[in-house]
Amino acid sequence: AQKVTQAQTEISVVEKEDVTLDCVYETRDTTYYLFWYKQPPSGELVFLIRRNSFDEQNEISGRYSWNFQKSTSSFNFTITASQVVDSAVYFCALISSGGGADGLTFGKGTHLIIQP
Amino acid sequence: GAGVSQTPSNKVTEKGKYVELRCDPISGHTALYWYRQSLGQGPEFLIYFQGTGAADDSGLPNDRFFAVRPEGSVSTLKIQRTERGDSAVYLCASSLSGGPGTEAFFGQGTRLTVV
């Protein structure tokens, strides 16, 4: 069975602070993909990043960076110099290539509030 | 726009009624997914179509839920004898070819309220 845990239900920071959203996953498969999605109040899930299990390189995209560590089954997401527009619910998700369900397994999400 | 379109955006129905939710995927996308998102939770997978066929319906909660995609584009999620517990946001997503590593594009969802 697969599982994604986002232990932080809600995080509130002041604008320009850095913030890290945690994601821990469980899977028995050796080949899998991890994702982060952003869900603004409009409700539409916006794709941020995809990582496969064989690529542990960290990635940086503008103010966003991701730290993938297989040893701790974690795929954490950091926003540097946060902005009010970053306020949203962020979901970490997992899918395996091992023949399980073909849909993503999502965590419960972290509600990020950036205060001006 | 060329995104995933879902209609209606909101649906209120009485317990026991039948409802249909529609999803228009991005043109050319062969893979289509339905998810259900309850309040304060992450989306839960319901069903995956590759073309016209349901390749994986393991997430459908019971036989009151059914989905079709007869021409390989638009999909309809059908719920019979609705119950209050069916109240949720139903999300549709599509991707170019399916497969676990493919980016899926989501619609804005249909908020279903069963009263």
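Structure: above.
Residue indices begin from 1 for each chain and proceed along its sequence in written order. Here chains are named by letter from A upward and ligands by number from 1 upward, in the order in which they appear as written. Under the rules for a predicted model, residues below a pLDDT of 70 receive no local features and side-chain atom pairs below 80 are neither given nor counted, while totals for whole chains, interfaces and linings still include all residues. Side-chain numbers here rest on the full set of heavy atoms in the structure, without hydrogens or water.

1. Focus: the overall build of chain A
Consideration 1: Only DSSP runs of H or I reaching four residues or more are called helices, and only runs of E reaching two or more are called strands; each is numbered from the N terminus. Broken down by element type, chain A carries 0 helices and 12 strands.
Consideration 2: Scanning chain A from its N terminus toward the C terminus, one meets helices and strands in the order β-β-β-β-β-β-β-β-β-β-β-β.
Consideration 3: With the radius of gyration taken over C-alpha atoms, the globule rule is written as 2.2 Å times the number of residues to the power 0.38. For 116 residues, the compact-globule estimate of 2.2 N^0.38 gives 13 Å, and the C-alpha radius of gyration of chain A, at 14 Å, lies within 12% of that figure.
Consideration 4: Overall size of chain A, expressed as C-alpha extent along the three principal axes, is 45 × 30 × 20 Å.
Consideration 5: Looking at the 116 residues of chain A, the share that counts as buried comes to 43%. Relative accessible area decides the class of each residue, using a 1.4 Å probe on protein chains only: under 20% of the type maximum gives buried, over 50% gives exposed, and in between gives partly exposed.

2. Examining the state of the cysteines
All names here are of chain A.
Consideration 1: Any pair of cysteine sulfurs within 2.5 Å is marked as a disulfide. With the rule as written, the count across this model stands at 2 disulfides over all chains.
Consideration 2: What pairs with Cys23 in a disulfide is Cys92, and their sulfur atoms sit 2.0 Å apart. Its S-S torsion of about -65° marks the bond between Cys23 and Cys92 as left-handed, since a negative value means left-handed. Pair noted here: Cys23 is in the loop between β3 (19-21) and β4 (24-26) and Cys92 is in strand β10 (residues 88-96), with a separation of 69 residues, a long-range link.
Consideration 3: Classification of Cys23 as buried rests on a relative accessible area of 0%.
Consideration 4: Classification of Cys92 as buried rests on a relative accessible area of 0%.

3. Digging into the pairing of strand β5 (residues 44-50) of chain B
All names here are of chain B.
Consideration 1: Taken across its 7 residues, β5 has 5 buried, putting it largely inside the fold.
Consideration 2: At least two DSSP bridges between two strands are needed for those strands to be called paired. Note: strand β4 (residues 31-37) against β5, 6 bridges, orientation antiparallel. Within the sheet, the bridge partner assigned to Arg36 lies in β5 and is Glu44.
Consideration 3: What sits between β4 and β5 in their antiparallel hairpin is a turn of 6 residues, with Gly40 showing a positive phi close to 75°.
Consideration 4: Between β5 and strand β6 (residues 53-56), which pair antiparallel in sequence order, lie 2 residues; one of them, Gly51, sits at a positive phi of approximately 70°.

4. Comments concerning the nonpolar core
Consideration 1: In this description, a nonpolar core means a group of buried Ala, Val, Leu, Ile, Met, Phe, Trp, Tyr and Cys residues linked to one another through side-chain atoms lying within 4.5 Å. Ranked by internal contacts, the top residues of the largest apolar core, which has 24 residues, are A:Trp36, A:Trp66, A:Phe75, A:Phe77 and A:Tyr90.
Consideration 2: Contributions of two or more residues to this core are made by β2 (10-14), β3, β5 (32-39), β6 (46-52), β8 (64-69), β9 (74-79), β10 and β12 (110-115) of chain A.
Consideration 3: Per-element tally for this core: the top contributor is β10(A), with 4 residues.
Consideration 4: In this structure, A:Phe75 is in contact with A:Cys23, A:Leu34, A:Phe35, A:Trp36, A:Ile49, A:Arg51, A:Trp66, A:Asn67, A:Phe68 and A:Cys92, ignoring residues within four places of it in sequence.
Consideration 5: Core analysis: the next-biggest nonpolar cluster, separate from the first, contains 20 residues, B:Leu21, B:Leu32, B:Trp34 and B:Phe49 among them. Any two residues having at least one pair of non-hydrogen atoms within 4.5 Å are treated as being in contact.

5. A word on the side chain of B:Arg64
Residues and elements named next belong to chain B.
Consideration 1: Position of Arg64 relative to the elements: it lies in the loop between β6 and β7 (65-68).
Consideration 2: The term polar contact refers here to a pair of N or O atoms within 3.5 Å; inside protein, the definition further demands a hydrogen-donor-capable atom paired with an acceptor-capable atom, and it admits residues adjacent in sequence only when both atoms are side-chain atoms. A polar contact is formed between the side chain of Arg64 and the backbone oxygen of Arg81, at a distance of 3.2 Å.
Consideration 3: Apart from the residues lying within four places of it in its own chain, the contact partners of Arg64 are Lys78, Ile79, Gln80, Arg81, Thr82, Glu83 and Asp86.

6. Observations concerning the environment of A:Leu34
Residues and elements named next belong to chain A.
Consideration 1: With respect to the secondary-structure elements, Leu34 resides in strand β5.
Consideration 2: For Leu34 and Ile113, which are 79 residues apart along the polypeptide, the C-alpha to C-alpha distance reads 23 Å.
Consideration 3: Dropping the residues within four chain positions of it, Leu34 is found in contact with Tyr25, Ile49, Arg50, Arg51, Phe68, Phe75, Ala93 and Leu94.

7. Structural notes on the pattern of salt bridges
Consideration 1: We count a salt bridge whenever a side-chain nitrogen from Lys or Arg sits within 4 Å of a carboxyl oxygen from Asp or Glu. By the definition in use, this model includes 7 salt bridges over all chains.
Consideration 2: We note a salt bridge from A:Glu59 to A:Arg51, for which the minimum N-O separation is 3.1 Å.
Consideration 3: A salt bridge links B:Asp86 to B:Arg64, with the shortest nitrogen-to-oxygen separation between them at 2.8 Å. One end of the pair, B:Asp86, is in the loop between β8 (75-79) and β9 (88-95); the other, B:Arg64, is in the loop between β6 and β7, and 22 residues separate them in sequence.
Consideration 4: Within this structure, A:Arg51, A:Asp55 and A:Glu59 form a network of salt bridges that share partners.

Just geometry here; none of it tells us what the structure is for.
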